Amino acid sequence: MPEAVVQIEHLTKKFGSFTAVDDINMSIEAGEVYGFLGPNGAGKSTTIRMLCGLLAPTSGRGLVLGLDLATNGQRLKEKIGYMSQKFSLYPELSVVENLNLYSGLYGLRGAEKKRRIDEMVALAGLAGRENELTSSLSGGWRQRLALGCSILHRPDILFLDEPTSGVDPKARLLFWDIIYDLAAGGTTVMVTTHFMDEAEHCNKVAFIYYGKLIANDSPDRLKKEIPGRLYEISARKPMEMLAQIQAGEAGPVIDSYFFGDKVHVLVASDRTIRAEGIFAGSEIAQIEQSMEDVFVYLVKSHAGDELGGGRISGVGNMTAASAAGMKKEGTK
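Each chain has its residues counted from 1, following the order in which its sequence is written. At least 70 in pLDDT is required for a residue's local features to be given in this predicted model, at least 80 for side-chain atom pairs to be given and counted, and no such filter applies to totals for whole chains, interfaces and linings, which use all residues. Calculation of side-chain values draws on the structure's entire complement of heavy atoms; hydrogens and water are dropped beforehand.

Some thoughts on the overall build of the protein
Then, in step 1: The helix count covers DSSP runs of H or I at least four residues long, the strand count covers runs of E at least two residues long, and both are numbered beginning at the N terminus. A tally of regular secondary structure across the protein gives 10 helices and 14 strands.
Then, in step 2: Three exposure classes are used, based on accessible area relative to the maximum for each residue type with a 1.4 Å probe and protein chains only: buried under 20%, partly exposed in between, and exposed over 50%. Counting the 332 residues in the protein, one finds 49% classified as buried.
Then, in step 3: Long-range contacts, defined as pairs at least 24 residues apart, comprise 70% of the intrachain contacts of the protein with a sequence gap of at least 6. Whether two residues are in contact is decided by their heavy atoms: any pair within 4.5 Å suffices.

With respect to unusual backbone geometry
Then, in step 1: The residue aspartate 23 is not glycine, and still its phi comes out positive at about 60 degrees.
Then, in step 2: Here aspartate 23 shows up in strand 2 (residues 18–29).
Then, in step 3: Since its relative accessible area comes to 39%, aspartate 23 is described here as partly exposed.
Then, in step 4: Located in the positive-phi region is leucine 65, a residue other than glycine, with phi close to 55 degrees.
Then, in step 5: Within the element layout of this structure, leucine 65 appears in the loop between strand 4 (59–64) and strand 5 (67–68).
Then, in step 6: The class for leucine 65 is partly exposed, based on a relative accessible area of 24%.

So, the pattern of salt bridges
Then, in step 1: By convention in these notes, a salt bridge is any Lys or Arg side-chain nitrogen within 4 Å of a carboxyl oxygen on Asp or Glu. Going through the model one piece at a time under the given rule, you end up with 15 salt bridges.
Then, in step 2: The closest approach of N and O atoms between arginine 115 and glutamate 112, which form a salt bridge, is 2.7 Å. Here glutamate 112 and arginine 115 lie together in helix 4 (residues 110–124), a separation of 3 residues that amounts to about one turn.
Then, in step 3: For the salt bridge of aspartate 118 with lysine 114, the shortest nitrogen-to-oxygen distance reads 2.9 Å. Linking aspartate 118 with lysine 114, this pair stays in helix 4, spanning 4 residues, or about one helical turn.
Then, in step 4: Within this structure, Glu112, Arg115, Arg116, Glu119 and Arg154 form a network of salt bridges that share partners.

Focus on helix 5 (residues 139–150)
Every α-helix carries 3.6 residues per turn, so stepping three or four residues along brings you back to the same face.
Then, in step 1: The span you would expect from a helix comes to 1.5 Å times its residue count less one. Here helix 5 is 12 residues long and its end C-alpha atoms lie 16 Å apart, about the 16 Å a rise of 1.5 Å per residue gives.
Then, in step 2: Counting buried positions over the 12 residues of helix 5 gives 10, a clear majority of the element.
Then, in step 3: Of all the residues in helix 5, the buried ones are Gly139, Gly140, Gln143, Arg144, Leu145, Ala146, Leu147, Gly148, Cys149 and Ser150.
Then, in step 4: Looking at the buried residues of helix 5, the elements they touch are strand 6 (80–83), helix 3 (95–105), helix 4, strand 7 (157–161) and helix 6 (169–184).

Things to note about the sheet that holds strand 11 (residues 229–234)
Then, in step 1: The strand order 12-13-11-14 describes an open sheet built from 4 strands, whose pairing is antiparallel. Only two strands of the sheet have a single neighbouring strand rather than two, namely strand 12 (255–259) and strand 14 (283–287). Averaged over all adjacent pairs, the angle separating strand axes in this sheet is 25 degrees, with direction ignored.
Then, in step 2: Two strands are said to pair when DSSP picks up at least two bridges between them. For strand 12 and strand 13 (residues 262–267), the ladder comprises 5 bridges, and the chain directions are antiparallel. Bridging across to strand 13, serine 256 finds its partner in valine 265.
Then, in step 3: With respect to the sheet, helix 8 (residues 238–246) is in contact with strand 11, strand 12 and strand 13, its orientation differing from that of strand 12 by roughly 170 degrees. Orientation is described by lines fitted to C-alpha atoms, with helices fitted over the stretch in contact, and by angles between N-to-C directions that extend from 0 to 180 degrees.

Things to note about the packing of helix 3 against helix 5
Then, in step 1: Direction vectors running N to C along helix 3 and helix 5 enclose 25 degrees, while the axes themselves pass 9 Å from each other. Relative to helix 5, the element helix 3 lies roughly parallel. Between helix 3 and helix 5 the crossing geometry is right-handed. Residues Val95, Asn98, Leu99 and Tyr102 of helix 3 form the contact with helix 5, whose participating residues are Leu145, Gly148 and Cys149.
Then, in step 2: Gly is placed with the polar residues, together with every amino acid not listed as nonpolar (Ala, Val, Leu, Ile, Met, Phe, Trp, Tyr, Cys and Pro) or charged (Asp, Glu, Lys and Arg). Looking at the contact of helix 3 with helix 5, its residues break down into 5 nonpolar, 2 polar and no charged. For classification purposes, an angle smaller than 35 degrees is called roughly parallel, one larger than 145 roughly antiparallel, one from 65 to 115 roughly perpendicular, and anything else oblique. Each crossing is labelled by how the near helix is turned from the far one, with a counterclockwise turn of less than a right angle marking it left-handed and a clockwise turn marking it right-handed.

Digging into the nonpolar core
Then, in step 1: By nonpolar core we mean a set of buried residues, namely Ala, Val, Leu, Ile, Met, Phe, Trp, Tyr and Cys, connected to one another through side-chain atoms within 4.5 Å. The biggest cluster of nonpolar side chains holds 51 residues, and the ones touching the most others in it are Leu99, Leu145, Leu147, Leu160, Val205 and Phe207.
Then, in step 2: For this core, the element with the highest residue contribution is helix 9 (residues 291–306), accounting for 7 residues.
Then, in step 3: Not counting the four nearest positions on each side in its chain, phenylalanine 207 is found in contact with Leu37, Met196, Lys212, Leu213, Ile214, Ala215, Leu222, Met291, Val294, Phe295 and Leu298.

Focus on the packing of helix 5 against helix 6
Two numbers describe a pair of packed helices, the interaxial angle and the distance between the axes.
Then, in step 1: Put simply, helix 5 and helix 6 touch, their axes get as near as 9 Å, and they point 15 degrees apart. Here helix 6 runs roughly parallel to helix 5, going by the angle between their axes. Relative to helix 6, helix 5 is oriented so that their crossing is right-handed. Here helix 5 contributes Gly140, Gln143, Arg144 and Leu147 to the contact with helix 6, which in turn contributes Ala171, Leu174, Phe175, Ile178 and Leu182.

Some details on the sheet that holds strand 2
Then, in step 1: The sheet built from 4 strands is open, its strands ordered 2-1-4-5 with antiparallel pairing. Strands at the two margins of the open sheet, each flanked by one partner only, are strand 2 and strand 5.
Then, in step 2: Bridge analysis of strand 1 (residues 4–15) against strand 2 gives 8 bridges, and the strand direction is antiparallel. Paired with alanine 4 across the bridge in strand 2 is glutamate 29.
Then, in step 3: Sitting on the sheet, helix 1 (residues 44–51) is in contact with strand 1, strand 2 and strand 4, with an inclination near 120 degrees to strand 1.

Now the structure itself:
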């Protein structure tokens, strides 16, 4: 069985009376690509910063590479790679100057330093542009350069905090190719994101919502937790249709919500939706659950539990995007 390189037990972080991370438990195995998903403000970055030794936990226990977060924060910083949301680059420095700076911070010297810098220039695809100012690079190029700076010292584990936020879909895909290559080489990667499609790239996914961990499993197993059958319906008047569904005119449903310009309807496994009644004239297709569907279902279930159990009236009026606070590929 692979070794657990991250082990968290009841980890909590409070800022005054506000609880940013609330009693979470988590285990990450060596060589995994581990997705940490949730809407903005859910507690992702706070958790990452604790795991990197940048924030001390209020309570609970955490081990990263065998080092206790509460007592070995400084030693931990030397053994991990960390890429923050802002890419941690100095815009007034050139590409090679940024790499030189970080290689010095990591203690690289001489021939090893030059070799690693050359490797990172190639990784970022910036050969021939070493002397350009970082501020002149596009978001995608800065993203790859920041990744190169964070792995100059070949860390065993790499923490990426929303690394693809603000870059175009093509740059995101190229970035994930690099992550795959790192994982194939034995690097453990923990990546936070609010892009649901990126969860599909991960070996395991954890969802955090208002500081609480509400799911933690592989994408395939999480999808299987959604009961019943999921239908996607293209209607001429989707808002009117959704209102009718939620008023009970379509019969009993487990859930219904907007998904882009379509309506997703979740029904019991013994029920079939046909183009009749309020669905007459609509295009109907039974579909597999996406990770966005999974997150919407989990968020609503969690909201129901918080209010006393079960699904709650009115939560279904949220769209997939508003319930999850997420972004879909191509949106800003």
